[in-house]
Amino acid sequence: MIDDLSVAKTAVFFSIRRDLSDKSIEDLFRSIRAAHGATGNNIFRHTREHAGDTRWSAICFTYERAPAFLDDSTDIVETLCGYVMLVEYQSYVAVFSSRLSIPAHFKTKYLAPVSINRVERAIAKQNAVFQKMRTRNMSISRHAMRYKMVEAADLSNVVGPAGSRRQAPQTYSVDVDGTHMTATPGTGRIALRSDRAGYEEIIGFAKEMIDALRADAGEVSAFLQTFARPMTLADALSVAQPTALGIDTSRLTDAATGDAPAIRIVRAGDNPTQLTTAELRTLIEQLDRPLDIKGDDKLRHATLPDTEEQVASLSLNKTRIALRSLDLPVAATVEVESTAFPLGADPDRQPLYRYLDENGAIIVLFDDVRLAYIDGIVFRDETLRDGGAAFLRYLHVEPSLDGVESEKGEFTAAKTAFDADSTFGVVVNQLAATDTILVCDDLDDEWADFIGLRTDGTLTQITFYHAKAGDLSLGAGQFHIAVSQALKNLGNMTFPAERMNAKVQRWSNLYNNEGHATQISRTIRSNTPHLGEAIAQARSAPEAIRRAVIVTSSLSKQAVTNVLNNAQNGVRLRPSFVQMYWLLQSFFSDCAEAGVSGSIVCRP
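Structure report, in brief.

## Things to note about the overall build of the chain
For the chain, the count of helices and strands is 15 helices and 32 strands. With the C-alpha coordinates of the chain rotated into their principal frame, the extents come out at 85 × 55 × 50 Å. Put simply, the chain has 604 residues, and 52% of those count as buried. Taking the intrachain contacts of the chain between residues at least 6 apart in sequence as the baseline, contacts between residues at least 24 apart amount to 67%. Carbon and sulfur atoms make up 47% of the accessible area of the chain, which amounts to about 26900 Å² in all.

See below:
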């Protein structure tokens, strides 16, 4: 029956850690059958047969499971058919599969990931034309855009390098001299666009790809090199230490929700129960919090910020960082099982921390802010090669912020203006002084605290001001709300026509806050009696400049400069600063992607 095999040329490639044998393959096939409760005969089964200078093994069988769209208690089952094929060649192995997978224990014992650099040299060649790419932001903040997908006939013509260095490539598709290939370097998956092929053809494909992966030389595309670059964990640990841990919760939610979830998350115990939607939401919210990494040994512990409460542990191994425990209240009491089995019947049900570890769902930041461990790989952002000047140019100084006492000031029924010693007052009196139109949009359906508009000849400038106040800090906590508000309202900077009537009407009212009615007009200033018409003209201005400005009294540019200078001299950075750096880098990058200039106005 192997002659009937007709599949795509798609495989996951590994290097062989420990020599395979007939027995190891037979044990593998038995464990795969047992994991799926297969009782019938195999459709085909071959163990380490020769094909030239390669050896190949394959198994195919049918198994039953409850349909994903029916409750676990149903007696209805559907019959599925799956296969796995392994091709061994020159100390590498290619794994082809459908509906079956290689168990984690077999991979750990016999296989090792292929170096990401080898995948790049094999696929992302110098003459490769990139047509599709999925990237991961190097920030661990839940307020940042985590993933981004871009697609074009030639991405090098439409994707600029400004924000790309803070993006780690996850998957990309390229065209090389008419051959279209897709690679996921972190997992070693490589696919060739072609007609379906029989087993002899996919053996040839595996051999061709392994020869390319074995090459020790070759130029990598200049376009790919504009993104964050991979490096070995050993090299990273020789110059930096882990400082913050984050969980990529999107992987967990993607696998656990949807029409056909691959996993279910259950309460641990002899009679497991599946988490409800509300319980899953609570778990995700808990996992979204960054943790501080402490210690100097191979085994490190992670704590909640500004506490000594240990809630996780990590092992720094030679090639990977492993999550060894996760003791957050909800996370410590749940396990993960495959939906291929009825509730509670998965023999390989595992603790949540082990699932996250095996699926590369942890993110680690270092005291060198250029580095981030994502999807099992360390990536380096090169934007600090200039000592941080590229970061500091987004920070603008406003001396009057030194005298700020509060965010909005005090309110009385007779008040006609925001207090000069409030952040709101600084925006009105200093930062937006040249805006010919300035409205206060604070509270309720808020797009920004203030929206400014200035027209000078053919130049139209639209500014969304997000004003905050606080004690001086070099941590991310002061920025989470402001960054989240700024990013979610980037689309509103085009003044969507269907929403403007309500907005203009609101701006004609007086400002009320904290139960106080005031005499402060929401329209602070305007050079036109027809505000709606001015907004419509700004919307259609072909060369409008849009700015998203976070104004804060909680940050000092000189303090940031000092920290970055110290980092250049080898001083270890605090976890809170690293998290702030990545949060703000994500803000600047996401603004640039939306055609908006993002910046921070802060104390000197």
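## As for the sheet that holds strand 19 (residues 334-338)
One open sheet accounts for 3 strands, arranged 14-19-20; its pairing is antiparallel. The open sheet has two edge strands, strand 14 (263-267) and strand 20 (350-351), and neither has a second partner. Of the pairings in the sheet, the one linking strand 19 to strand 20 comprises 2 bridges and is antiparallel in character. Each bridged residue has a counterpart across the sheet, and for V336 the counterpart in strand 20 is Q350.

## A short note on the packing of aromatic side chains
Throughout the structure, instances matching the rule amount to 21 aromatic pairs. Plain terms: the ring middles of W447 and F464 are 6.5 Å apart, the flat faces sit at 15 degrees to each other, and that makes the pair stacked. With W447 in the loop between strand 25 (437-440) and strand 26 (450-456) and F464 in strand 27 (residues 459-468), this pair connects stretches of sequence that are 17 residues apart. In terms of burial, W447 and F464 fall into one category: buried. For the ring pair F587 and F588, a centre distance of 5.6 Å and an interplane angle of 50 degrees mean the geometry is tilted. Each member of the pair F587 and F588 is classed as buried. Taken together, the ring pairs in this structure connect F391, Y394, Y581, W582, F587 and F588 into an aromatic cluster. Lying across the ring of Y147, R134 places its NZ or CZ 4.0 Å from the centre.

## Quick word on a negative patch on the surface
Taken together, D3, D4, D195, E200 and E201 make up a surface patch of like negative charges. Structurally, D4 is set in the segment before strand 1 (7-16). Overall, D4 belongs to the exposed group, its relative accessible area being 56%.

## Structural notes on the sheet that holds strand 17 (residues 310-316)
The strand order across the open sheet formed by 9 strands is 12-23-22-21-13-15-16-17-18, and the pairing between neighbours is antiparallel. The outermost strands of the open sheet, each flanked by one partner alone, are strand 12 (229-231) and strand 18 (321-326). Direction aside, neighbouring strands of the sheet carry axes that sit 30 degrees apart on average. The sheet contact formed by strand 12 and strand 23 (residues 377-380) spans 3 bridges and is antiparallel.

Rules behind the numbers
Residues numbered from 1 in each chain as written. Predicted model: local features only at pLDDT ≥ 70, side-chain atom pairs only at ≥ 80, totals over all residues. Heavy atoms only, no water. Helix = DSSP H or I, 4+ residues; strand = E, 2+ residues; numbered from the N terminus. Buried < 20%, exposed > 50% of the residue type's maximum accessible area, 1.4 Å probe, protein only. Contact = heavy atoms within 4.5 Å. Areas by Shrake-Rupley, 256 points an atom, 1.4 Å probe, with all protein chains shown as cover. Pairing = 2+ DSSP bridges. Phe/Tyr/Trp six-rings, centres within 6.5 Å; stacked < 30°, edge-to-face > 60°. Lys NZ or Arg CZ within 6 Å of the ring centre and 35° of its normal. Patch = residues over 30% accessible without salt bridge, like charges linked within 9 Å, V, L, I, M, F, W, Y side chains within 5 Å. Salt bridge = Lys/Arg side-chain N within 4 Å of Asp/Glu carboxyl O. Lys, Arg positive; Asp, Glu negative; His and termini not counted. Charge placed at Lys NZ, Arg CZ, Asp CG, Glu CD. Axes fitted to C-alpha atoms, helices over the stretch in contact; angles between N-to-C directions.

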